[in-house]
Amino acid sequence: MQPGEAGGDGDGEVDVADGDRVFLYFSQGRGGDNYYALDVTDKAHPKYMWTLPSSTLGNLVQQSWSTPALGRVKISGATQNPQKLVLIFTAGFDSQHETNQNYRSAGDTYGNGIFMVDAVRGNVLWSKTRTVSGAFSKMTHAIPSEVAVMDTNSDGWSDRMYVGDLAGQLWRFDIYNGATNSTSDPLVTGGVIASLGAKAESSPTIANNRRFYNKPDISKFVVSGGANYYNIAIGSGDRAHPKLNTTTLDHFYSIHDYHLEPLSQSAYDSYIPLNLSNLTQIDGTTSVTISGNGWWLPMGAGEKILAESITVNGTVMFTTYVPTASSSTCNVSTGGGRAYALSIEAGKKYFTNLYESFATTGLPSQITIVNQTGITRTDGTSSSSSTTTSGSSSSSSATASGTCLSGVSILGSCMQFGSMVKTFWQDAGAN
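What counts and what doesn't
- Residues numbered from 1 in each chain as written.
- Predicted model: local features only at pLDDT ≥ 70, side-chain atom pairs only at ≥ 80, totals over all residues.
- Heavy atoms only, no water.
- Pairing = 2+ DSSP bridges.
- Helix = DSSP H or I, 4+ residues; strand = E, 2+ residues; numbered from the N terminus.
- Core = buried A, V, L, I, M, F, W, Y, C linked by side-chain atoms within 4.5 Å.
- Buried < 20%, exposed > 50% of the residue type's maximum accessible area, 1.4 Å probe, protein only.
- Contact = heavy atoms within 4.5 Å.
- Salt bridge = Lys/Arg side-chain N within 4 Å of Asp/Glu carboxyl O.
- Phe/Tyr/Trp six-rings, centres within 6.5 Å; stacked < 30°, edge-to-face > 60°.
- Axes fitted to C-alpha atoms, helices over the stretch in contact; angles between N-to-C directions.

1. Brief notes about the sheet that holds strand S15 (residues 251-257)
Here we have 5 strands laid out as an open sheet, ordered S13-S14-S15-S17-S16, and mixed in their pairing. One side of each edge strand has no neighbouring strand; the edge strands of this open sheet are strand S13 (217-221) and strand S16 (280-281). Bridging between S13 and strand S14 (residues 229-235) involves 5 bridges; their strand directions are antiparallel. Bridging across to S14, serine 219 finds its partner in asparagine 231.

See below:
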């Protein structure tokens with residue numbers, strides 16, 4: 001579910017007299033194949049805006065898992081809303097993954113597509129699905145996750161996207177604002193920049209049938225005396241079978257993308273994706289010399305990453321779910337959870353131990369930082385040569401302050417993040 005605001009004076013307050021409007025966008029997950037938009041400017045009298053069914057999206061949507069991401073994209077010659085607000089989402093899930101944990105060599109019938117629609121009118125502005133040749137011929141498997149949409153040069157226009165799929169592939173797209181969306185003047189170029197699952201094998205195995213369900217966590221690293229890069233943090237895990245699938249060996253990845261500039265479609269068509277052999281395997285216990293391409297951390301037996309990671313001050317934090325033996329294939333209320341914190345640049349643990357275990361009564365959620373409490377940093381790890389997209393920088397002598405939560409579980413350790421605290425505001429009259 002994604003809220004969005006259109007028009008108005010940009011003061012952050014919803015005032016109809018100023019032209020403010022608030023829209024709500026959502027999909028159905030396992031409940032259907034539609035995407036919806038509501039006008040909730042007057043929360044007591046919401047208004048229906050539009051529905052996008054699978055028939056409008058190339059009949060590719062079977063289960064609309066992908067949370068719509070809001071952005072601004074300018075398309076020359078297209079009829080768009082005045083704010084140029086767009087929604088970007090994928091075709092979602094293919095239900096054949098519900099019953100088959102093996103790699104699907106033939107690919108998926110549903111879910112293998114990505115769409116950009118006018119956020120106010122609901123008309124499709126751009127889409128990409130599987131093609132016969134070129135980079136998009138690799139769009140063979142469903143893409144259920146939210147797309148990470150970025151404005152890399154802070155000019156107000158979205159110009160970069162990242163997303164993973166159920167074949168263990170990581171996709172990147174570049175948006176050319178002002179293009180006509182024609183063959184000679186493409187609006188979006190893209191392709192696979194890393195293939196980290198069974199699709200990369202000549203004889204695919206279930207052990208390597210890693211799937212990406214989570215939105216990639218993107219941070220920009222500015223390296224003193226070196227090449228700057230975007231770090232893509234993402235973990236694999238079978239969300240459709242968190243309890244049942246204990247055969248696949250899941251990983252967490254930190255992938256470095258040094259191509260800060262947009263790439264042409266011909267460059268993507270000839271791009272050789274990274275694989276495990278191009279990355280440094282870490283154990284998280286000691287600092288290592290990281291390959292320029294990044295690193296990967298193997299998970300324990302049956303352990304899965306089921307939530308998006310968060311990167312602050314050069315440290316990436318994420319949770320995992322660790323199932324326990326049970327005759328039930330659906331019950332995920334038993335098992336355990338783990339929280340990890342690792343240095344992007346050194347692959348070194350941040351907590352006293354490699355991970356912090358905690359009891360769970362459900363699937364672990366994304367880690368959130370809610371307030372400052374003066375918790376002491378334990379290992380002195382720093383990344384003073386880097387800066388994340390959130391604008392913070394780290395130091396080697398700081399004492400940490402913060403409380404980190406996964407759902408309602410409080411982690412015993414947290415990180416140094418200076419004055420950066422996520423703050424949530426709520427209408428006093430809201431229920």
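There's more to say after this.
2. What to know about the nonpolar core
Of all hydrophobic cores here, the largest spans 21 residues; its most connected members are Ile114, Met116, Trp126, Met161, Phe173, Leu187 and Val188. Those elements that place two or more of their residues in this core are strand S6 (85-90), strand S7 (113-118), strand S8 (124-129), strand S10 (160-164), strand S11 (169-175) and strand S12 (188-195). For this core, the element with the highest residue contribution is S11, accounting for 3 residues. Not counting chain neighbours up to four residues away, the residues in contact with valine 188 comprise Met116, Trp126, Met161, Phe173, Asp174, Ile175 and Gln265. Among the nonpolar cores identified, the runner-up in size contains 20 residues, and Ile218, Tyr230, Ile234 and Leu279 belong to it.

3. Some remarks on the pattern of salt bridges
Any two side chains of opposite charge can pair, so long as their charged atoms come close to each other. Under the criterion given, the structure shown has 11 salt bridges. Where arginine 104 meets aspartate 108, a salt bridge forms, and the shortest distance between an N and an O atom there is 2.7 Å. A salt bridge links aspartate 174 to arginine 160, with the nearest nitrogen and oxygen atoms 2.7 Å apart. Of this pair, aspartate 174 sits in strand S11 while arginine 160 sits in strand S10; the two residues are 14 residues apart in sequence, bridging distant segments of the chain. Judged by relative accessible area, which is 0%, aspartate 174 ranks as buried. Through salt bridges with shared partners, a single network forms among Arg160, Arg172, Asp174 and Asp257.

4. Describing the packing of aromatic side chains
Scanning the model with the defined rule gives 19 aromatic pairs in all. Here tryptophan 65 and phenylalanine 93 contribute two aromatic rings whose centre-to-centre distance is 4.3 Å and whose plane-to-plane angle is 20 degrees, an arrangement assigned as stacked. Pair noted here: tryptophan 65 is in the loop between strand S4 (47-52) and strand S5 (69-72) and phenylalanine 93 is in the loop between S6 and S7, with a separation of 28 residues, a long-range link. Taking the relative accessible area as the measure of exposure, tryptophan 65 reaches 15% and is therefore buried. Phenylalanine 93 sits in the buried class, given a relative accessible area of 0%. Arranged with centres 6.0 Å apart and planes meeting at 15 degrees, the rings of phenylalanine 136 and tryptophan 171 form a pair that is stacked. Of this pair, phenylalanine 136 sits in the loop between S8 and strand S9 (148-150) while tryptophan 171 sits in strand S11; the two residues are 35 residues apart in sequence, bridging distant segments of the chain. What makes phenylalanine 136 buried here is its relative accessible area of 5%.

5. Remarks on the sheet that holds strand S20 (residues 336-343)
Across a sheet, paired strands are connected by hydrogen bonds in the backbone, their directions being either parallel or antiparallel. Spatially, the 4 strands line up as an open sheet ordered S18-S19-S20-S21, and their pairing is antiparallel. What marks the edges here is a single partner per strand, and that holds for strand S18 (310-312) and strand S21 (355-359). The sheet shows a mean angle of 25 degrees between the axes of neighbouring strands, direction not considered. Where S18 and strand S19 (residues 315-322) come together, 3 bridges link them in antiparallel fashion.

The analysis is restricted to geometry; functional conclusions fall outside its scope.
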